[in-house]
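If you want the building blocks of each chain, they are given just below.
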Amino acid sequence: MILAPQTPATRPTASTVAAMLPPPEHVARVRAFFAERGFEVDETQGLSLTLTGPRSAYAETFGEPVVTETGELPLGRLPHEIAQCIDAVVFPEPPGFGPTSY
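In this report, we go over the structure that sits alongside the text. The model shown is predicted, which means the values in this text are computed figures rather than measured ones.

What counts, and where the lines are drawn
- Residues numbered from 1 in each chain as written.
- Predicted model: local features only at pLDDT ≥ 70, side-chain atom pairs only at ≥ 80, totals over all residues.
- Heavy atoms only, no water.
- Helix = DSSP H or I, 4+ residues; strand = E, 2+ residues; numbered from the N terminus.
- Buried < 20%, exposed > 50% of the residue type's maximum accessible area, 1.4 Å probe, protein only.
- Contact = heavy atoms within 4.5 Å.
- Areas by Shrake-Rupley, 256 points an atom, 1.4 Å probe, with all protein chains shown as cover.
- Salt bridge = Lys/Arg side-chain N within 4 Å of Asp/Glu carboxyl O.
- Expected span 1.5 Å × (residues − 1).
- 1 Å grid on protein atoms, 1.4 Å probe; cavity = no way out; pocket = protein on both sides within 12 Å on 5 of 7 lines; lining within 4 Å.
- Points joined across faces, edges and corners; volume = space filled by probe spheres on them.
- Nonpolar A, V, L, I, M, F, W, Y, C, P; charged D, E, K, R; others polar.
- Phe/Tyr/Trp six-rings, centres within 6.5 Å; stacked < 30°, edge-to-face > 60°.

### Digging into the overall build of the chain
Inference 1: Helices and strands together make up the secondary structure of the chain, namely 4 helices and 4 strands.
Inference 2: Going from N to C terminus, the chain has its helices and strands arranged as β-α-α-β-β-α-α-β.
Inference 3: Burial statistics for the chain: of 102 residues in total, 29% are counted as buried.
Inference 4: The contacts of the chain with a sequence gap of at least 6 include a subset with a gap of at least 24, amounting to 41%.
Inference 5: Carbon together with sulfur atoms contributes 57% to the accessible area of the chain, which is approximately 6800 Å² in total.

Right, dumping it as structure tokens:
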């Protein structure tokens, strides 16, 4: 998940990166929302927050289909106060190395 930054996106520099981090209250709100819905919510890494959960939790929260053509999950079913804190929810691409079949 990519959280919405505090300030409009600009090219990050060492002096501006802190201003681009999401507000702590938004992070807490998003973390609590998804934890209440059965997701394991990892620590925030910059603008990124990782959710882990069963497919049913994704379907109940975001609707079906869980995987869209764009790779982003629709935010329309989320409450406004949660959706406004999120830029996108995406599934990461699998790594391009290692075994290709088991």
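### Examining the pattern of salt bridges
Inference 1: Under the counting rule described, the total for this entry stands at 2 salt bridges.
Inference 2: With a closest N to O distance of 3.8 Å, E43 and R31 form a salt bridge. Residue E43 is located in the loop between β2 (40-41) and β3 (51-52), and its partner R31 is located in helix α2 (residues 24-36); the two are separated by 12 residues in the primary sequence.
Inference 3: For E43, a relative accessible area of 57% translates into the label exposed.
Inference 4: By relative accessible area, R31 is classed as partly exposed at 24%.

### Quick word on α2
Side chains of residues three or four places apart in an α-helix project in the same direction, reflecting 3.6 residues per turn.
Inference 1: Between its first and last C-alpha atoms α2 spans 18 Å; for 13 residues at 1.5 Å apiece the expected length is 18 Å, and the two agree.
Inference 2: Elements in contact with the buried residues of α2: β1 (2-3), β2, β3, α3 (55-62), α4 (80-83) and β4 (86-88).
Inference 3: The positive-phi residue at the C-terminal boundary of α2 is G38, with phi of around 90°.

### Description of the layout of surface pockets
Inference 1: The computed volume of the largest pocket comes to approximately 160 Å³.
Inference 2: Lining of the largest pocket is provided by M1, S48, L49, T50, L51, Y58, V89, V90, F91 and P92.
Inference 3: Taken together, the residues of the lining of the largest pocket sort by class into 8 nonpolar, 2 polar and no charged.

### As for the packing of aromatic side chains
Inference 1: Considering all chains together, one arrives at 6 aromatic pairs under this definition.
Inference 2: Judged by centre distance (5.5 Å) and plane angle (75°), the rings of F34 and F39 are edge-to-face.
Inference 3: Summarising the aromatic geometry, the rings of Y58 and F62 are spaced 6.3 Å apart at their centres and angled 25° between planes, so their arrangement reads as stacked. One end of the pair is Y58 and the other is F62, both in helix α3 and 4 residues apart, which spans about a single turn.
Inference 4: Take Y58: its relative accessible area is 10%, and that puts it in the buried class.

### Observations concerning the environment of L75
Inference 1: Looking at the secondary structure, you find L75 in the loop between α3 and α4.
Inference 2: Each C-alpha atom, one on L75 and one on V89, is 7.9 Å from the other, the two residues being 14 residues apart in sequence.
Inference 3: Not counting the four nearest positions on each side in its chain, L75 is found in contact with F62, A83, I86, D87 and V89.

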